[in-house]
Amino acid sequence: MAHKAGFVNIIGNPNVGKSTLMNAFVGERLSIITSKAQTTRHRILGIVNGEDFQVILSDTPGIIKPAYQLQSSMMDFVKSAFEDADILIYLVELGEKALKDEQFFKKIVHAKIPVLLLLNKVDQGTQQQVEEQTKLWKEQVPNAEIFAISALENFGVQEVFKRIVELLPESPAFYPKDALTDKPERFFVNEIVREKILLHYKKEIPYSVEIETEEFFEDEEIIRMRCVIMVERSTQKGIIIGHKGSAIKRVGMEARKDLERFFGKQVHIELYVKVNKNWRSDDRQLKRFGYNK
């Protein structure tokens, strides 16, 4: 049998479950997940290998109207997902009626490649709601195949994956067959620390933060890492640290537990906070953090 391989890119509004779906496909926790919008900032690849196929999945930021340079860079990742996709997954949640950006929606409707429209979170509704929503989306996106799923409960996910493999073009593998992602280890350290900040801080704080892993040393027994939490203002630095360091200590403890699960060995992590003024609107800083290519 000929080998198949291709890029399967997931797009949709914020908080519809793109990262949960990606992790369900891959079987690993590559994308961080929180209830806050804009949790995913980068385009993250997850690679699923079989004997005669390689599926390269791409999780992208939720589609928004950009308010500052960082968000514009995030939307550039979404645009690139349209450009190299062999299969497009448009993920919507039960009760949703439209994509927040009409320009992106037109690209989906006029796509020349297979489009799978996945109606997510069907476990939260009735059969009648699912049928009504399926009818609505068939009218709006007539070029799409529609599947009802629950990424969180892993309902319908394998059926979608089977269809993806059927639709893949014939091609040799793009990545080594033992590869799980295209991102380096430090990227996942940054993301796990950022997830804890998204979970424990309110208002603008999580969106003003970027993480940089400055040191990463691994030996047989332990991985030692040092991470800097970048904020935009000195007042935010105080909030991140908390009273007598209590807040940052909690972030460090929770991140360490997840990192030990991720790497499968003992982790020692040190966290520091630095002020990096207006980094979200600075092209040079955004390039440094991997946003502007």
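One can find the structure itself at the top, above this paragraph.
Just so it is clear, the structure is predicted and the values come from calculations on it, not from any experiment.

**Q** Help me understand the pairing of strand 7 (residues 210–218) in this model?
**A** Across a regular strand the side chains alternate sides, sitting on one face of the sheet and then on the other. Pairing geometry for strand 7 and strand 8 (residues 222–231), over eight bridges, is antiparallel. Paired with Phe 217 across the two strands is Arg 224, which belongs to strand 8.

**Q** Sorry, what's going on with the sheet that holds strand 5 (residues 115–120) here?
**A** Two modes of strand pairing occur in sheets, parallel and antiparallel, and in both the strands are linked by backbone hydrogen bonds. Here we have six strands laid out as an open sheet, ordered 2-3-1-4-5-6, and mixed in their pairing. The two strands at the open ends of the sheet, each matched to only one other strand, are strand 2 (44–50) and strand 6 (144–148). Adjacent strand axes in the sheet meet at a mean angle of 20°, parallel and antiparallel pairs treated alike. The sheet contact formed by strand 5 and strand 6 spans five bridges and is parallel. Paired with Val 115 across the two strands is Ala 144, which belongs to strand 6.

**Q** Would you mind showing me how to read the pattern of salt bridges here?
**A** Note that side chains of opposite charge can pair when their charged atoms are close. Under the definition given, this model contains 13 salt bridges. In this structure, Glu 214 engages Arg 226 in a salt bridge whose closest nitrogen and oxygen atoms are separated by 3.3 Å. Within this pair, whereas Glu 214 is found in strand 7, its partner Arg 226 is found in strand 8, the two being separated by twelve residues in sequence. Given the relative accessible area of 32%, Glu 214 is considered partly exposed. By relative accessible area, Arg 226 is classed as partly exposed at 24%. One salt bridge connects Glu 260 with Arg 256, and the closest N-O pair in it is separated by 3.5 Å. Note that Glu 260 and Arg 256 are positioned in helix 8 (residues 246–263) at a spacing of four residues, about one turn of the helix. Residue Glu 260 is classed as partly exposed on the basis of its relative accessible area, which comes to 22%. The exposure class assigned to Arg 256 is partly exposed, which follows from its relative accessible area of 28%. Because the salt bridges share partners, they merge into one network encompassing Glu 195, Lys 196, Asp 258 and Arg 261.

**Q** Got a minute to help me understand unusual backbone geometry in this structure?
**A** Glycine aside, the phi torsion of most residues is negative, and most peptide linkages are trans. Unusually for a residue other than glycine, Asn 154 sits at a positive phi of about 60°. Mapping Asn 154 onto the fold places it in the loop between strand 6 and helix 5 (157–167). Residue class for Asn 154 comes out partly exposed when judged on its relative accessible area of 43%. Residue Lys 244 is not a glycine yet carries a positive backbone phi of 55°. Following the sequence through the fold, Lys 244 ends up in the loop between helix 7 (234–241) and helix 8. When its relative accessible area of 80% is taken as the criterion, Lys 244 is described as exposed.

**Q** How should the nonpolar core be read in this particular structure?
**A** Most often, soluble globular proteins keep nonpolar side chains buried together rather than apart. Leu 21, Phe 25, Val 55, Ile 89, Leu 118 and Ile 164 are the most contacted members of the largest nonpolar core, which has 28 residues in total. Sorting the residues of this core by element identifies strand 1 (4–11), helix 1 (18–26), strand 2, strand 3 (53–59), strand 4 (87–93), strand 5, helix 5 and helix 6 (185–200) as the ones contributing at least two each. Apart from residues lying up to four places away in sequence, Ile 89 is in contact with Val 8, Asn 9, Ile 10, Ile 11, Leu 21, Phe 25, Leu 116, Leu 118 and Ile 164.

**Q** For this particular structure, what's the right way to read the sheet that holds strand 7?
**A** Strand order in the open sheet formed by three strands is 7-8-9, with mixed pairing between adjacent strands. Both edges of this open sheet fall to strand 7 and strand 9 (266–275), since each of them pairs with a single strand only. Geometrically, the sheet is characterised by an average inter-axis angle of 20° between neighbouring strands, direction not taken into account. Where strand 8 lies against strand 9, ten bridges are found, and the strand directions are parallel. Counted as the bridge partner of Val 228 is Tyr 272 from strand 9. Contacting strand 7, strand 8 and strand 9, helix 6 crosses the sheet at an angle of about 130° to strand 7. Helix-sheet contacts for helix 8 involve strand 7, strand 8 and strand 9, and the interaxial angle to strand 9 is about 140°.

**Q** Where do I start with the environment of Glu 232 in this structure?
**A** Relative to the assigned elements, Glu 232 resides in the loop between strand 8 and helix 7. The exposure class of Glu 232 is buried, given its relative accessible area of 6%. Engagement of the side chain of Glu 232 in a polar contact is seen with the backbone nitrogen of Trp 279, the distance being 3.3 Å.

What counts as what
Residues numbered from 1 in each chain as written. Predicted model: local features only at pLDDT ≥ 70, side-chain atom pairs only at ≥ 80, totals over all residues. Heavy atoms only, no water. Pairing = 2+ DSSP bridges. Helix = DSSP H or I, 4+ residues; strand = E, 2+ residues; numbered from the N terminus. Axes fitted to C-alpha atoms, helices over the stretch in contact; angles between N-to-C directions. Salt bridge = Lys/Arg side-chain N within 4 Å of Asp/Glu carboxyl O. Buried < 20%, exposed > 50% of the residue type's maximum accessible area, 1.4 Å probe, protein only. Core = buried A, V, L, I, M, F, W, Y, C linked by side-chain atoms within 4.5 Å. Contact = heavy atoms within 4.5 Å. Polar contact = N/O pair within 3.5 Å; in protein donor to acceptor, adjacent residues only side chain to side chain.

As far as function goes, none of this settles anything; it's purely spatial.
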